[in-house]
Amino acid sequence: MKKHQISAEHLSIERVGEIIFNGYQLELSDDARTRILRCREYLDKKMAVNEKPVYGVTTGFGSLCNVSIGKDQLTQLQINLMMSHACGTGDRVPNEIVKIMLLLKIQSLSYGFSGCKLDTVERLIDFFNNDILPVVYMQGSLGASGDLVPLAHLSLPLVGMGDVEYKGKVMTGAQMLQVMGWKPIQLASKEGLALLNGTQNMSSFAVWALLQSHRLSDWADKIAAMSLDAYCGLVEPFTDAVHQVRPHKGQIETAARMRELLAGSEIVEKPKSYVQDPYSFRCVPQVHGSVKDTMAYVESVIDTEINSATDNPTVCPDEDLIISAGNFHGEPIALPMDFLAIAMSELANISERRIYKLVSGTRGLPSFLVANPGVNSGFMITQYTAASVVSLNKSLCNPASVDSIPSCQGQEDHVSMGANAAIKLYKVVLNTERVLAIELFNSAQALEFRRPLKSSPIIQKMFEEYRKVVPFIVNDEVMYPYIQKSIDFLRK
């Protein structure tokens, strides 16, 4: 069994992907264990002698910060916090993103600035290692006091409340504890806030989206290269000298990638009578490259976020400080998530334009990519579907982060709406995958009409693998199963 130690060492987004998708188990490092125990001991000692109210520890929450809570009610305060904040609605957060949430919450608590007890963190690790996935709902977070609502749903099963999915079955938190032979966690002061404050919901969507975006960016280059060859396009626009005079990193990288993908193509070597291609082919380095540059920026921000403590108040034993501040505010990642959604939407946008060119009956390709158009509509409506999805993406790309609705009687008067940015980003990524799959469906069909000429060895290999799951379309068939098979092909 592969194991990953939770520690203060840097956790990369790529490493998160390895842990989640390769079945790793988690364990606390000795250093993390020491940090957690030290912070909790400091907090307990401080509360024993401190006469001043400490937000969320000896007071109520939000605008109730001036209401003092007696020592005999501190545990109930934490449970009440989780119950009252579990107001999620809408679709469930996908299980793989919930699992990322568990990992990131454990990571954040392990730094020793949150005041959680060791057994609370260890129980979250038990959830992760046993694939006990709390039922979390997509809607409800303002992305400002952290992801209060989704993290409440994530945390309720610790005390035997809420719901979980375990071995494919949804059950209550109480039933899960009974099945596992565990007792509910007895929460101490501050633990409810440590669990509910934080940006782990937003961050998990962002991590998932970045992992998928890297995959789709790579596919977009390969599919664009196949489409360009199927369209009998020109390779000259990818010449390195062109891009060195406008040296954006992503642009240079993409042009080099296109040259690599098309090297050895018989179609490329065929003499052409025209001197230009449409922008959707000619400007692949500029557009796909901009997406790469955007991804790099967003990844740098999310990388910092997932290696941070983001709950409130922050407990700093070394400085002898417990400070209520704003590390839970989602603005630092809300803006980049909106930016990434725009970038991925553009990847789909240019893909749809290439689809349109492939079905348009130009460059020697038959109308709608069938040998006998008229009685056959061929690939006509695949472009409609792509256009519909691209249009939806454009609607989803209105930035969520420009909005703010005050809450909590005006105490929380500016919010990031980062959770909404995360939801929209999630949808845009899935839509982009669908459009790229449709382009691949069209591109492979179009490439067949260039026979006996062959594309490059790289493209031919990709084409042959694809043909194992999606056939050449001779006469009209029901098309939607092939679109789904194309999506599955991109995921394998």
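Higher on the page you've got the structure.
Rules behind the numbers
Residues numbered from 1 in each chain as written. Predicted model: local features only at pLDDT ≥ 70, side-chain atom pairs only at ≥ 80, totals over all residues. Heavy atoms only, no water. Helix = DSSP H or I, 4+ residues; strand = E, 2+ residues; numbered from the N terminus. Buried < 20%, exposed > 50% of the residue type's maximum accessible area, 1.4 Å probe, protein only. Contact = heavy atoms within 4.5 Å. Areas by Shrake-Rupley, 256 points an atom, 1.4 Å probe, with all protein chains shown as cover. Lys, Arg positive; Asp, Glu negative; His and termini not counted. Charge placed at Lys NZ, Arg CZ, Asp CG, Glu CD. Pairing = 2+ DSSP bridges. Phe/Tyr/Trp six-rings, centres within 6.5 Å; stacked < 30°, edge-to-face > 60°. Lys NZ or Arg CZ within 6 Å of the ring centre and 35° of its normal. Core = buried A, V, L, I, M, F, W, Y, C linked by side-chain atoms within 4.5 Å. Expected span 1.5 Å × (residues − 1). Arc of directions from axis to C-beta. Polar contact = N/O pair within 3.5 Å; in protein donor to acceptor, adjacent residues only side chain to side chain. Salt bridge = Lys/Arg side-chain N within 4 Å of Asp/Glu carboxyl O. Axes fitted to C-alpha atoms, helices over the stretch in contact; angles between N-to-C directions. Parallel < 35°, antiparallel > 145°, perpendicular 65-115°, else oblique. Left-handed = near helix turned anticlockwise from the far one by under 90°. Nonpolar A, V, L, I, M, F, W, Y, C, P; charged D, E, K, R; others polar.

S.K.: Explain the overall build of the chain residue by residue, including any values.
M.R.: A count of helices and strands for the chain gives 19 helices and 9 strands. Reported as C-alpha extents along the three principal axes, the dimensions of the chain are approximately 85 × 50 × 45 Å. Looking at the chain as a whole, 56% of its 492 residues are labelled buried. Long-range pairs, those at least 24 residues apart, make up 78% of the contacts in the chain between residues at least 6 apart in sequence. Approximately 20,500 Å² of the chain is accessible, and the part contributed by carbon and sulfur atoms is 53%. Seen as two clouds, the 47 positive and the 53 negative side-chain charges of the chain have centres 5 Å apart.

S.K.: Please set out the sheet that holds strand β7 (residues 169–172) residue by residue, giving values where relevant.
M.R.: Spatially, 3 strands are ordered β4-β6-β7 in an open sheet, and the strand pairing comes out antiparallel. Each end of this open sheet is capped by a strand with a single partner; those strands are β4 (133–134) and β7.

S.K.: Account for the pairing of β7, with residues named and values stated.
M.R.: Looking at chain direction, strand β6 (residues 163–166) and β7 are connected through 4 bridges and run antiparallel. Residue pairing for β7: V164 is matched across the bridge by M171. What sits between β6 and β7 in their antiparallel hairpin is a turn of 2 residues, with K167 showing a positive phi close to 55 degrees.

S.K.: Break down the packing of aromatic side chains for me, citing the residues and quoting the values.
M.R.: On inspection of all chains with the given rule, the structure shows 10 aromatic pairs. With centroids separated by 5.6 Å and ring planes inclined at 55 degrees, the aromatic side chains of W219 and F489 adopt a geometry described as tilted. Here the residue W219 occupies a position in helix α9 (residues 200–230), and F489 occupies one in helix α19 (residues 480–491), the gap between them amounting to 270 residues. Among the residues examined, F489 registers a relative accessible area of 4% and is labelled buried. On the basis of an interplanar angle of 50 degrees and a centroid distance of 6.2 Å, the ring pair of Y297 and F339 is categorised as tilted. On the criterion of sequence distance, the pair formed by Y297 in helix α14 (residues 284–306) and F339 in helix α15 (residues 331–359) is long-range, its members being 42 residues apart. A relative accessible area of 40% places Y297 in the partly exposed class. Three or more aromatic residues joined by ring pairs make a cluster, and in this case those are F205, W208 and Y426. Between the NZ or CZ atom of K99 and the centre of the ring of F128, over which it lies, the distance is 4.6 Å. The positively charged end of R353 is found above the aromatic ring belonging to Y356, 4.6 Å away from the centroid.

S.K.: Can you break down unusual backbone geometry residue by residue, with the values?
M.R.: The linkage connecting N312 with the following residue, P313, adopts the cis geometry, with an omega of -5 degrees. Relative to the assigned elements, P313 resides in the loop between α14 and β8 (314–316). In this chain, R451 is followed by P452 through a cis amide linkage whose omega measures 10 degrees. Even without glycine at this site, D320 takes up a positive phi of about 55 degrees. Judged by relative accessible area, which is 42%, D320 ranks as partly exposed. One non-glycine residue with positive phi stands out, namely M417, at about 55 degrees.

S.K.: Go over the nonpolar core with me, naming the residues and quoting the values.
M.R.: By size, the foremost hydrophobic cluster in this structure holds 139 residues, and its most contacted members are V16, V207, I302 and F441. Sorting elements by how many residues they give to this core places helix α17 (residues 418–448) first, with 18 residues.

S.K.: Please give an account of helix α3 (residues 74–85) that cites residues and values.
M.R.: Helix length check: α3, at 12 residues, gives a terminal C-alpha distance of 17 Å against a target of 16 Å (1.5 Å per residue), a fit within 8%. Looking at α3, one finds that the buried residues are L74, L77, Q78, I79, L81 and M82. Contacts from the buried residues of α3 go to α6 (148–155) and α8 (191–196).

S.K.: Please provide a residue-by-residue account of helix α18 (residues 457–467), values included.
M.R.: Turning to α18, its buried residues are I459, Q460, M462, F463, Y466 and R467. Down the axis, α18 shows its buried residues gathered within 160 degrees of arc, on one side only. Away from its buried face by more than 90 degrees, α18 exposes P457 and K461. On its buried side, α18 packs onto α9, α11 (249–262), α17 and α19.

S.K.: Any details on the side chain of S416? Residues and values, ideally.
M.R.: As for its placement among the helices and strands, S416 is situated in the loop between α16 (380–396) and α17. Overall, the relative accessible area of 0% leaves S416 in the buried class. Within the local environment of S416, its side chain forms a polar contact with the backbone nitrogen of G418, the two atoms lying 3.0 Å apart. Once residues within four sequence positions are removed from consideration, S416 is found in contact with L142, G143, A144, M202, H329, G330, E331, A334, A400, S401 and D403.

S.K.: Which residues make up the pattern of salt bridges, and what are the values?
M.R.: For the structure shown, the criterion picks out 27 salt bridges. K99 is the partner of D131 in a salt bridge, and the nearest nitrogen-oxygen pair spans 2.3 Å. With D131 in the loop between α5 (118–129) and β4 and K99 in helix α4 (residues 95–109), this residue pair connects regions lying 32 residues apart in the sequence. Note on D131: relative accessible area 37%, which makes it partly exposed.

S.K.: Describe the side chain of S7, listing the residues and the values that go with them.
M.R.: Within the secondary structure layout, S7 lies in the loop between β1 (3–6) and α1 (13–21). A residue is classified by how much of its surface remains accessible, and S7, at 15% relative accessible area, is buried. There is a polar contact of 3.2 Å between the side chain of S7 and the backbone nitrogen of E9.

S.K.: Can you tell me about the packing of α15 against α17, naming the residues and giving the values?
M.R.: Running from N to C, α15 and α17 cross one another at 20 degrees; their axes reach a closest spacing of 8 Å. As the angle between them shows, α15 and α17 are arranged roughly parallel. Note that α15 runs across α17; the crossing there is left-handed. Split by residue class, the contact of α15 with α17 holds 19 nonpolar, 6 polar and 5 charged.

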